[in-house]
Each structure stands twice: as structure tokens, then as C-alpha cells.
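Remarks on the overall topology
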Amino acid sequence: GEGEGKDGFKVGELPGHVRVDELVCVVHGIGTKFETYHRNVKNLYGAYREIMEKIFPDVKFNAEFVAAHWKGALIDLDTHQTFMDLVPHLDEKNPLRDFVVDKVSDFLYYSNSRFRKYIQREVVRQLNDLYAGFLTRHKDFKGGVSIFAHSLGSVIMYDVLSRMTTDDRRVLRSEGICLDFDVRVLFTVGSPLGQFINLDANTDKQFTTIDKLPFRVVNLFHPNDPVALRLEPLLNCAYVYERPVMVPYWWTMDRHHSNLKWLGNIWGSNAAKAKGKADEDEQNKEDTCLAYVELPNKTRYKRIDYALQVVNAFEEVSTSYSALKAHTDYWNSRDTILLVLTILMEAHVPNKNVDVSHLRESMIMMSSLTKDVLGPTLDEIEGSKPSANNAPPVPSIQDPAAAS
């Protein structure tokens, strides 16, 4: 089911008797109208359902999505009405100017300290209301809460969460800028947060001790997104030259051994064992590089920067076209949700050292969807060479639409 109100809304509401493992709170970025945002969150939820059904059908994990819409609170302000009166309105429409005004005005509001607090209060109010409503339906909720924040929304949420870490919460509650729940993971998606941190000395100092924050930061971007920035070089200048972790294409999850290794690195799996002692040290170096970033205090923190791959050749040759759509493609991207789910499910997997055999059924099922040749069998991954007769059969998959 789904519900909506004037501002915050929920999508994919689960019945009260169904266990929810993760509540995902979504926060939008600049210039997002309610209708567009509602459609985007529904698309995000649809991608979640598809990835669970086709990639992880044998993993028991339930998530519910709620979303805050702070743009509406700005539109209702008298200040905003005056601002719109200042925009020249001639006989001919100017779509480009209207587009720029709609987007840039949100950045202007957030750069002003008075309106920054107003926006933060509005987001916190909506998320707290949505969380309270969620608890009335799931009174025994023992799962985690994560934030999926797009564009400027990621800056808003990082500011709120970092203040909750350093400031007295009683003071924050009096200001209306304190969440009623703890956050486990902050996903910054298509985010300019890096430059906001770079410009603020206090925020920059706090970010360099990111391992002390009570929440994990995961930064996802499309290579052609003109707004999105990296975060890891703020922690270690060597990571200017270190590639971000590339998110695999969701529809090729059983085509390459490297994709099993991807799940292994995120979940702490032994899915990709080295075949011989000679390769072991090099393999361990590669896995460590994929999984961790070294902080200024020489401690290791899980990798922060993750990048989507360019989907088609047209995006590669037409960067202008890609730049226009890359900043909003996250809402429809199955690869985006693949990363989100892989990280969220880590805390809910009973045995963190998951063997690849736990995932094999999902991988085989995925290969039948793509109509491709199976990847290496479990025995081949672990170093032996079975005959073709020992390859596991590929189960058929019933079309969910046909089943309903």
C-alpha cells in the first residue's frame, strides 16, 4: 500500500504483522515538485522490489520507504512569492530560465543561515512524523533506519546528523532539529556534499574523523553527473588517484566472477578465495583496496565512494545529454538499489562470513533471466575443475505478473 499527505508520504507500506528490517527515509534535492518526487520514490521502491525478486529471492529482508518533501514548505513562504515576482514574466515563455530559477533558488535558500534552519526543521519534522506513524504500525520494530538523500538533500541530512553527534540534543530539540531515531547509514546520492564540507572548516575537521561518527556514509555518483562529487579525497589525498568502487550492472550479476567477489567484499564473504599461495597476498591487497579507505589517523574505514557505470554507448559519446539525465537517473537505477541493498543487508545477515554457496541460488536464477551462460560453479571458484556434468541445473522462474 502507499499513502501521501501534503508533505511527507510513504510508499510500499507493509502490514503490521510483517517484520521490517530497515526503514529507508528518502530526502529529495533541489527543485523537486511533489508529483515528480512521488513518482521518483515509487520508481525507487519498484527497483527495490525487482532487485529483491531477481537477485536476492532467497534472502529474507524487508524494507519500507518513507519520504520527506521540503520543497513545498519553501513554496508556501511569502519570501518565495516575492522572489517569483522578481523574475521577469514576458509574453513568451522561457523554459530554460524557469528551470534555472526553480533549481538555483533552493541553493540560495540553503546558503542563508535563517532559511537553512527552516529547511532542516521542516525535514526533521516530517521524518519524525513519518517515523512515529511507522511505529504505530510496527510496534515491535527492532531494525535499522537509513537515509537515502539525493543532491542537496544529502547536504541537509549530513548537517542534521553531524550536529546531532556534536551538539546537546536538548538544545537541538528546542530548535526542532533533532531526529527521534538513530541513523545507521547515510546514502549521499548525486551529492555536492564534498564542496560544502570543503568550504566549512568546522565540518571539514569533523569529517576527517568520520570513523567517530555513529553512522556510516556511502557516497554514490554517476560519472557524468555534473553535481555529484567524491568524498574520499577529503580524507586522504592519495584517493584522488584511487578509483571509486564500481557498482556492477545488476543484470550481469552471474556473468563474472568479479561480481561474486563484489558481494564478498561488502558482506565479508569468502566468496573469492585466491587459488594459490602465490596470488594470495596480491588478492588480499586488491580486496583491502576495494573494501577500505585509509584515514589520516591511519585507521581503516569502509570505502565511501561508489560509482555507477555508463549504461550505453550513447552516454559515452554524448556527455551533454548524459549530464542532463545522469543527476536524476538514480531514482530508476537498479544498480543504485543493488548497492543500497547490499550494504543494508550486511547487518541483517546472521553470519557475516557468508560463504558463496549461500548466494549461489540467487546467482543462478539471475543468469536464467539474462539468458546468459552460467558463471563459474562453486567448485571452480574454490579451485577445483569439475566436469560439465556436475554443473548445477538452472531453475525456471515464473513471471510474477503471470502468477498474480
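Residues numbered from 1 in each chain as written. Predicted model: local features only at pLDDT ≥ 70, side-chain atom pairs only at ≥ 80, totals over all residues. Heavy atoms only, no water.

**Description of the overall build of the protein chain**
Our working definition: Each helix corresponds to a stretch of at least 4 residues labelled H or I by DSSP, and each strand to a stretch of at least 2 residues labelled E; elements are numbered beginning at the N terminus. Between buried and exposed lies partly exposed: a residue is buried under 20% and exposed over 50% of the maximum accessible area for its type, with that area taken using a 1.4 Å probe on protein chains only. In what follows, a contact means two residues having at least one pair of non-hydrogen atoms within 4.5 Å. Only the protein chains shown count as cover for residues, with accessible areas throughout obtained via the Shrake-Rupley method and a probe of 1.4 Å.
Along the protein chain, the regular secondary structure elements total 18 helices and 11 strands. In the protein chain, which comprises 404 residues, the share counted as buried stands at 49%. A sequence separation of at least 24 residues applies to 80% of the contacts in the protein chain between residues at least 6 apart. Surface summary for the protein chain: the accessible area is close to 19,800 Å², and the carbon and sulfur share equals 53%.

**Side note on empty space enclosed by the protein**
What counts, and what does not: In the cavity and pocket records, a cavity denotes points on a 1 Å grid over the protein atoms alone where a 1.4 Å probe fits but cannot get out, a pocket denotes an open set with protein on both sides within 12 Å along at least 5 of 7 lines, and lining residues are residues with an atom within 4 Å of a point. Grid points are joined across faces, edges and corners, and a volume is the space filled by probe spheres set on the points. Side-chain classes are defined by residue name, with Ala, Val, Leu, Ile, Met, Phe, Trp, Tyr, Cys and Pro counting as nonpolar, Asp, Glu, Lys and Arg as charged, and the others, Gly among them, as polar.
Under the defined criterion, the tally for this structure stands at one cavity of 30 Å³ or more. Estimates place the volume of the largest cavity at around 80 Å³. Here the lining of the largest cavity gets three residues from one element, more than from any other, and that element is helix H6 (residues 152–166). Looking at the lining of the largest cavity, its residues break down into six nonpolar, one polar and two charged.

**Structural notes on the pattern of salt bridges**
This is how it is decided: In what follows, salt bridge is the name for a side-chain nitrogen of Lys or Arg lying within 4 Å of a carboxyl oxygen of Asp or Glu.
A complete count under the given rule lists 22 salt bridges for this structure. For Lys71, the salt bridge goes to Asp106, with nearest N and O atoms at 2.8 Å. Here Asp106 lies in helix H4 (residues 95–111) and Lys71 lies in helix H2 (residues 71–75), a separation of 35 residues in the sequence. Summarising the burial analysis for this pair, Lys71 and Asp106 share the class buried. Arg170 is the partner of Asp168 in a salt bridge, and the nearest nitrogen-oxygen pair spans 3.1 Å. A residue is classified by how much of its surface remains accessible, and Asp168, at 36% relative accessible area, is partly exposed.

**A look at a nonpolar patch on the surface**
The condition is simple: Patch membership is restricted to residues that have no salt bridge and whose relative accessible area is over 30%. Joining uses 9 Å for like charges and 5 Å for the nonpolar side chains Val, Leu, Ile, Met, Phe, Trp and Tyr.
A cluster of nonpolar side chains, namely Leu96, Phe99, Val100, Val104 and Leu108, defines an oily patch on the protein surface of about 480 Å² accessible area. Of note, Val100 is situated in helix H4. The exposure class assigned to Val100 is partly exposed, which follows from its relative accessible area of 39%.

**Re the side chain of Ser162**
Keep this limit in mind: Here a polar contact means two N or O atoms within 3.5 Å. Within protein one must be a hydrogen donor candidate and the other an acceptor candidate, and residues neighboring in sequence count only if both atoms are side-chain atoms.
Position of Ser162 among the secondary structure elements: in helix H6. Within the structure, the side chain of Ser162 is placed 3.2 Å from the backbone oxygen of Asp159, a separation counted as a polar contact. Not counting the four nearest positions on each side in its chain, Ser162 is found in contact with Gln206 and Phe215.

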